[in-house]
Amino acid sequence: MTEPLAYLNGVLIPFSEAKLSVTDLGIVYGAAVTEMIRTFAHRPFMLEAHLDRLYAALDYVCIESPLSKSELKQISERLVENNAALLPADQDLGLTIFLTAGQNLPYLGLAEQETCRTPTICVHTFPLAFELWDQKYTTGQHLVKSEVQQLNAAVFDPRVKSRSRIHLYRADKLVRQQETQASALLFDASGFVAETTIGNFYLVKENVIVSPRPEHVLGGISQQMVIRLAKQLRLRYEETDISSNAILEADEALTSSTGYCLMPVTRFGETPISGGVPGPVFNQLLSAWSAAVGVDIKSQAIQIGDARRNAL
């Protein structure tokens with residue numbers, strides 16, 4: 001088989017056949033939780049930590065998984081093994097898991113009541129799109145303060161990773177109406193930094209790494225790796241409120257996310273950060289991350305990204 005497989009509601013099928021019904025509550029309400037894992041050298045990275053966060057989210061949103069954590073892990077590992085075999089050895093996969101609340105009863109009626117009580121569960125993979133971020137390891141990224149606020153915990157806990165992300169979509173769209181290459185940085189109701197639309201945010205000041213308070217952000221699995229590497233490199237790590245002025249006064253700013261792992265921020269609004277170039281702490285952390293996973297993260301992304309652009 002030359003087409004990757006996907007798992008949908010108990011069945012392994014070709015990826016092109018993995019489709020949701022328009023009556024699925026993941027589409028009707030955005031009632032779904034999700035995780036995205038990446039591989040290094042075709043091995044899933046921190047899969048168990050991602051599954052722990054997924055099942056905590058399921059509990060919060062009151063969706064009961066038809067699969068146990070161990071069953072979902074086995075399915076994920078099987079898909080990665082099968083689908084990675086279709087890739088060149090130097091490329092890697094993203095693995096997406098999502099569960100929705102099932103079908104929408106008002107659309108289907110009482111005759112389908114039992115069906116509507118059964119959550120939808122899907123697992124699929126995709127080749128990582130290195131060409132979307134590879135150049136930013138060198139140039140850094142541009143963040144702009146968003147007018148869209150972080151989720152209010154009284155409405156929905158921002159620590160839960162759901163598919164209800166229209167506010168994040170809007171945040172980036174509004175920012176890019178002014179700066180086409182920028183990304184949004186969200187702040188909370190008190191005016192302190194929360195996170196970007198896809199990852200966690202950090203400042204570096206005099207070799208101290210500072211991140212927003214955990215109760216206001218989605219705790220990243222990549223963030224767990226940053227904390228581990230900071231300890232390994234004997235860098236202090238703190239969680240506290242971060243203001244806009246603190247960003248402007250920082251030595252460096254960074255973000256982390258599953259796909260790209262770690263990325264420097266070289267501009268906030270109109271102000272260069274770290275002289276407009278990636279800083280030494282970013283380079284230390286990325287090198288340590290690469291050593292830990294046995295893959296040169298930056299070189300892999302640049303090599304594959306360049307090849308894909310040249311093929312266009």
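Because the structure is predicted, anything quoted here is derived from the model rather than measured.

## Structural notes on the packing of aromatic side chains
Line of reasoning, step 1. Across all of its chains, the model carries 5 aromatic pairs by this definition.
Line of reasoning, step 2. With a centroid separation of 5.3 Å and an interplanar angle of 90°, the aromatic rings of Tyr-60 and Phe-156 are classed as edge-to-face. Of the two residues, Tyr-60 sits in helix α2 (residues 47–61) while Phe-156 sits in the loop between β7 (141–145) and α7 (166–178), which places them 96 residues apart along the sequence.
Line of reasoning, step 3. For Tyr-60, a relative accessible area of 35% puts it in the partly exposed group.
Line of reasoning, step 4. Here a set of aromatic residues connected by ring pairs shows up, and it is made of Phe-40, Phe-45 and Trp-289.
Line of reasoning, step 5. Taking the ring centre of Phe-187 as reference, the NZ or CZ of Lys-145 above it sits at 4.5 Å.

## Quick look at the layout of surface pockets
Rolled over the atoms, a probe as big as a water molecule pinpoints where empty space is left.
Line of reasoning, step 1. Considered as a void within the structure, the largest pocket measures approximately 1,300 Å³ in volume.
Line of reasoning, step 2. Contributing to the lining of the largest pocket are 49 residues, with Arg-165, Thr-197, Ile-198, Gly-199 and Ser-257 lying nearest its centre.
Line of reasoning, step 3. At the level of secondary structure, the elements contributing two or more residues to the lining of the largest pocket comprise β3 (32–40), β7, α7, β8 (182–187), β9 (193–196), α8 (221–232) and β13 (252–257).
Line of reasoning, step 4. Looking at the lining of the largest pocket, the element that brings in the most residues is α7, giving 6 residues.
Line of reasoning, step 5. Residue composition of the lining of the largest pocket, grouped by class: 19 nonpolar, 20 polar and 10 charged.
Line of reasoning, step 6. Domain assignment of the residues forming the lining of the largest pocket places at least three in each of domain 1 (5–128) and domain 2 (135–306).

## Thoughts on the packing of α8 against helix α10 (residues 280–293)
Line of reasoning, step 1. For the pair α8 and α10, interaxial distance at closest approach is 10 Å and the crossing angle is 105°. Considering their axes alone, α8 and α10 lie roughly perpendicular with respect to each other. Where α8 approaches α10, its residues Ser-222, Met-225, Val-226, Leu-229, Ala-230 and Gln-232 are matched on the opposing element by Leu-285, Ala-288, Trp-289 and Ala-292.
Line of reasoning, step 2. Here the residues of the contact of α8 with α10 sort into 8 nonpolar, 2 polar and no charged.

## Structural notes on the sheet that holds strand β2 (residues 11–14)
Line of reasoning, step 1. An order of β2-β1-β6-β5-β3-β4 is seen for the 6 strands of this open sheet, with the pairing classed as antiparallel. Two strands bound the open sheet, and with one partner strand each, they are β2 and β4 (43–44).
Line of reasoning, step 2. Bridge analysis of β3 against β4 gives 2 bridges, and the strand direction is antiparallel. Bridge pairing links Phe-40 to Arg-43 in β4.
Line of reasoning, step 3. Packing of helix α3 (residues 69–84) onto the sheet brings it into contact with β1 (5–8), β2, β3, β4, β5 (93–100) and β6 (120–127), and relative to β6 it is tilted by some 30°.

## Brief notes about the pairing of β7
Line of reasoning, step 1. Counting buried positions over the 5 residues of β7 gives 4, a clear majority of the element.
Line of reasoning, step 2. Relative to strand β14 (residues 261–268), β7 runs parallel, the two sharing 3 bridges. The residue bridging Gln-141 from the neighbouring strand is Val-265, located in β14.
Line of reasoning, step 3. Relative to β8, β7 is paired through 4 bridges, and the arrangement is parallel. Paired with Leu-143 across the two strands is Ser-183, which belongs to β8.
Line of reasoning, step 4. For the crossover from β7 across α7 to β8, the handedness is right-handed.

What counts and how
Residues numbered from 1 in each chain as written. Predicted model: local features only at pLDDT ≥ 70, side-chain atom pairs only at ≥ 80, totals over all residues. Heavy atoms only, no water. Phe/Tyr/Trp six-rings, centres within 6.5 Å; stacked < 30°, edge-to-face > 60°. Helix = DSSP H or I, 4+ residues; strand = E, 2+ residues; numbered from the N terminus. Buried < 20%, exposed > 50% of the residue type's maximum accessible area, 1.4 Å probe, protein only. Lys NZ or Arg CZ within 6 Å of the ring centre and 35° of its normal. 1 Å grid on protein atoms, 1.4 Å probe; cavity = no way out; pocket = protein on both sides within 12 Å on 5 of 7 lines; lining within 4 Å. Points joined across faces, edges and corners; volume = space filled by probe spheres on them. Nonpolar A, V, L, I, M, F, W, Y, C, P; charged D, E, K, R; others polar. Domains from an automatic or database assignment. Axes fitted to C-alpha atoms, helices over the stretch in contact; angles between N-to-C directions. Parallel < 35°, antiparallel > 145°, perpendicular 65-115°, else oblique. Contact = heavy atoms within 4.5 Å. Pairing = 2+ DSSP bridges. Right-handed = clockwise from strand over helix to strand, strands pointing away.

So far we have only geometry, and geometry alone does not tell us how the molecule works.
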